[in-house]
Amino acid sequence: MRLSAMGDVAMTVPVLRAFVKQYPEVKITVISRPFFKPFFDGIPNLDFFAFDEKERHKGFSGLLRLFQDVKKLKIDAFADLHNVLRSKIVSLLFALSGKKRATVDKGREGKKELTRAENKIFKQLPTMFSRHAKVFEELGFPLDLSNPTFPEKAKLSSDISEIIGNQNQKLIGIAPFAQYDSKVYPIDLMTEVIAKLAENKSYKILLFGGGNKEIEILDSLSKPFENVINMAGKIKFQQELQLISNLDVMLSMDSGNAHIAAMLGVKVITLWGATHPYAGFLPFNQTMENALVSDRNQYPKLPTSVYGNRIVEGYEDAMRSISPEKVVSSIQS
């Protein structure tokens, strides 16, 4: 299996957990970047193969090497859960060597119909989880995703305990950033949300992000409150996963953090700007009630984009139609 961005990879985890539970006699090897290995730790019958995109597996000749490397593992079938040029090439090589293969259908046509401005077809599309399950079904392994299992809450390392202190409070995670601005809740409104939550001393609010600019913003958001802590840049990625597994709830944009929390069995409140959960990216096992979307009466062309990378004039403030009060009450409930 070949996977890419953080959210994409996280979305495969619940499906693979279901697979190993329902087919304990089958062994899976996941091919992905080394960074993502911690996502798959502790899943039985699952091996991780690190894809070396900088050297060994770079370029077309690198993909041939990848095929040779993976072939040595004596695999019987290849599931392409990514459907991009690189994964298609490796998948084709396996097909040519007589192995079964199946590729995820990303439903691009339906997504176009959902996001176009004119003649929009506004309806729920299949989730990415059901699309991934379909790949395994094509290989002869039908999956039932209706009774998911999640890992136990991780034991927190002393480093984390030292930073977050007393753990008798409810832990609320907030990940206020996303890859594109059209998916980010305005900072002044997020400040209101944090201030309102921080009034309740039985809450501890943990802020997540990365990169110098984000750390700076998170520092300024956490500074006024003793029960708000910026976690960005303070712990390693693996520790971040441990901490997220201990949250009572995560507030996230339509972003990788939402999918990470969901794969760990945490309740997630998501905020949607230019994008919409109907495109199939509602985090795993979460309800539509917990997906707070921008007002379509005010902004009828929404969703304008599948991934948030398309800006429509006049829609820059769409997320302001989600009130801080609504966000706070969703978290409290």
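Structure: see above.
Keep in mind that this is a model prediction, so the values were computed, not measured.

**With respect to the packing of aromatic side chains**
Then, in step 1: Under the counting rule described, the total for this entry stands at 17 aromatic pairs.
Then, in step 2: With a centroid separation of 5.7 Å and 50° between ring planes, the pair formed by phenylalanine 39 and phenylalanine 237 is classed as tilted. Taken together, the residues phenylalanine 39 in helix H2 (residues 37-40) and phenylalanine 237 in helix H10 (residues 237-245) connect sequence positions 198 residues apart.
Then, in step 3: An aromatic cluster of at least three residues, connected via ring pairs, comprises Phe35, Phe36, Phe39, Phe40, Phe48 and Phe237.
Then, in step 4: Sitting above the plane of the phenylalanine 122 ring, arginine 296 keeps its charged end 3.7 Å from the centroid.

**Topic: the layout of surface pockets**
Then, in step 1: Approximately 820 Å³ is the volume attributed to the largest pocket.
Then, in step 2: Together, 32 residues line the largest pocket, and Ala5, Met6, Gly7, Gln179 and Gly256 are the ones closest to its centre.
Then, in step 3: Listed by contribution, the elements that provide at least two residues to the lining of the largest pocket are helix H1 (6-22), helix H6 (128-138), H10 and helix H11 (256-263).
Then, in step 4: A class-by-class count of the residues in the lining of the largest pocket yields 14 nonpolar, eleven polar and seven charged.
Then, in step 5: Taken as a whole, the second largest pocket holds about 460 Å³ of empty space.
Then, in step 6: As for the second largest pocket, its lining consists of 20 residues, and the residues nearest its centre are Lys27, Ile28, Ile75, Asp76 and Ala77.
Then, in step 7: For the lining of the second largest pocket, the elements supplying multiple residues, two or more each, are strand S1 (28-32) and strand S3 (77-80).

**Overview of empty space enclosed by the protein**
Then, in step 1: Taken as a whole and assessed by the stated rule, the structure comprises one cavity of 30 Å³ or more.
Then, in step 2: Across the lining of the largest cavity, the residue classes break down as five nonpolar, three polar and three charged.

**A look at the packing of helix H3 (residues 59-71) against helix H4 (residues 85-96)**
Then, in step 1: The geometry of H3 relative to H4 is characterised by a closest axis approach of 10 Å and an angle of 50° between their N-to-C directions. As the angle between them shows, H3 and H4 are arranged oblique. As for how H3 packs across H4, the hand of that crossing is right-handed. In contact with Phe60, Leu63, Leu64, Leu66, Phe67, Val70 and Lys71 of H3, H4 contributes Arg86, Ile89, Val90, Leu93 and Phe94.

**Quick word on the pattern of salt bridges**
Then, in step 1: Considering all chains together, one arrives at eleven salt bridges under this definition.
Then, in step 2: Residues arginine 86 and glutamate 53 are paired through a salt bridge, measuring 3.6 Å at the closest nitrogen-oxygen approach. With a gap of 33 residues between them, arginine 86 in helix H4 and glutamate 53 in the loop between strand S2 (46-50) and H3 connect regions that are remote in the sequence.
Then, in step 3: Among the ionic pairs, glutamate 199 bridges to lysine 196, the shortest N-O distance being 3.2 Å.
Then, in step 4: The class for glutamate 199 is exposed, based on a relative accessible area of 54%.
Then, in step 5: Through salt bridges with shared partners, a single ionic network connects Arg33, Glu53 and Arg86.

**Here we look at the packing of helix H8 (residues 187-198) against helix H12 (residues 324-332)**
Then, in step 1: Put simply, H8 and H12 touch, their axes get as near as 9 Å, and they point 40° apart. Judged by the angle between their axes, H8 and H12 are oblique. You can see that H8 and H12 cross each other, and the crossing is right-handed. Here H8 contributes Leu189, Glu192, Val193, Lys196 and Leu197 to the contact with H12, which in turn contributes Pro324, Glu325, Val327, Val328 and Ile331.

Rules used in this analysis
Residues numbered from 1 in each chain as written. Predicted model: local features only at pLDDT ≥ 70, side-chain atom pairs only at ≥ 80, totals over all residues. Heavy atoms only, no water. Phe/Tyr/Trp six-rings, centres within 6.5 Å; stacked < 30°, edge-to-face > 60°. Helix = DSSP H or I, 4+ residues; strand = E, 2+ residues; numbered from the N terminus. Lys NZ or Arg CZ within 6 Å of the ring centre and 35° of its normal. 1 Å grid on protein atoms, 1.4 Å probe; cavity = no way out; pocket = protein on both sides within 12 Å on 5 of 7 lines; lining within 4 Å. Points joined across faces, edges and corners; volume = space filled by probe spheres on them. Nonpolar A, V, L, I, M, F, W, Y, C, P; charged D, E, K, R; others polar. Axes fitted to C-alpha atoms, helices over the stretch in contact; angles between N-to-C directions. Parallel < 35°, antiparallel > 145°, perpendicular 65-115°, else oblique. Left-handed = near helix turned anticlockwise from the far one by under 90°. Contact = heavy atoms within 4.5 Å. Salt bridge = Lys/Arg side-chain N within 4 Å of Asp/Glu carboxyl O. Buried < 20%, exposed > 50% of the residue type's maximum accessible area, 1.4 Å probe, protein only.

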